[in-house]
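# Coordinates in review
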Amino acid sequence: MERLDSIIQKIRPTYPRPSTCNDPGGDFPAEELAGLLRKPDCDLTETDLVCLFQGGLPAGEYHEVMYFLPVALKHIAESRESDTADHLLRWMAHNRESLLADGYYDDLLDFFEKLFAELTSGCILQGDYVKNSSLGDALVGVLNEEYDGMGDRLMEKYLGRVETRPQAGWLLCLLADHYAGLHRKSAWLASVARNHELRQKMYDVIAAEAVEDEDSLLFWSNQLDRCGIC
């Protein structure tokens, strides 16, 4: 992603790779952190990155973990892994003032907006779920909780017109999760639940394509049933 290259170019000259992590919360054994820091960037795992950016209890101080921020972003962009995204977004919220002072904060929010737009531009079924739906749920949930309803704003911007199959599919799945209690803080999904015109558009767009594939028809029928749309 172009935005990621820009973030890397800004961060790396200012924050070199650390030799230690101070573990401000006292959560990690010293040998575990030493082993993590010895790893090349390309060998850092999801578990390593979650340790480094563990919300309000990261493995190091702000200046120590900043080097690894581009590594975490690249991992999220390439693997579509939801736990790293969840923890990193919460870490960003805890370190908002420092990121603003460094001039990185807006770039990072723009990265996650572009990630959401890219994620929801396609809608591929994998068994009984939509591919990368766990990442979509994580983005919507944390952006709503920690970023003043940003998840709602992104859903309305990128899914609200319900003109394409991906838009209808993603919105239907997110709405089904809302009915199941996953996105209770989403004011926008609550409004979609009451919007009969928008619900009908979802049905019309999905039904027009789902009838051509039996497996797809079963999945979308179940999602529509969960939302009380028929």
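Everything discussed here concerns the structure shown above.
The structure contained in this document is the topic of the report that follows. (Residues numbered from 1 in each chain as written. Predicted model: local features only at pLDDT ≥ 70, side-chain atom pairs only at ≥ 80, totals over all residues. Heavy atoms only, no water.)

## Thoughts on helix 13 (residues 196-210)
For helix 13, built from 15 residues, the straight-helix expectation of 21 Å at 1.5 Å per residue is met to within 8% by its first-to-last C-alpha distance of 21 Å. Inspection of helix 13 places Leu 198, Arg 199, Met 202, Val 205, Ile 206 and Ala 210 among the buried residues, and these make up the whole buried set. When helix 13 is viewed along its axis, its buried side chains cluster within an angular range of 130° and face the same direction. Opposite the buried face of helix 13, at more than 90 degrees from it, the exposed residues are His 196, Glu 197 and Ala 208. (Helix = DSSP H or I, 4+ residues; strand = E, 2+ residues; numbered from the N terminus. Expected span 1.5 Å × (residues − 1). Buried < 20%, exposed > 50% of the residue type's maximum accessible area, 1.4 Å probe, protein only. Arc of directions from axis to C-beta.)

## Structural notes on the pattern of salt bridges
For the structure on display, the rule yields 13 salt bridges. The salt bridge partner of Glu 146 is Arg 90, with a shortest N-O separation of 3.4 Å. In this pair, Glu 146 is assigned in helix 9 (residues 133-146) and Arg 90 in helix 6 (residues 82-94), connecting sequence segments 56 residues apart. Here Lys 114 ties to Asp 110 by a salt bridge, and the two come within 3.0 Å at their closest N and O atoms. In this pair, Lys 114 and Asp 110 are both assigned in helix 8 (residues 105-119), four residues apart and thus about one turn of the helix distant. Connected via shared salt-bridge partners are Asp 86, Arg 90, Glu 145 and Glu 146. (Salt bridge = Lys/Arg side-chain N within 4 Å of Asp/Glu carboxyl O.)

## Quick word on helix 8
With 15 residues, helix 8 should cover 21 Å at 1.5 Å per step; its first-to-last C-alpha distance of 21 Å lies within 8% of that length. Most of helix 8 is tucked away, with 11 of its 15 residues classed as buried. Those residues of helix 8 that fall on the buried side of the exposure criterion are Tyr 105, Asp 107, Leu 108, Leu 109, Asp 110, Phe 111, Phe 112, Glu 113, Leu 115, Phe 116 and Leu 119.

Coordinates in, geometry out; function isn't part of it.
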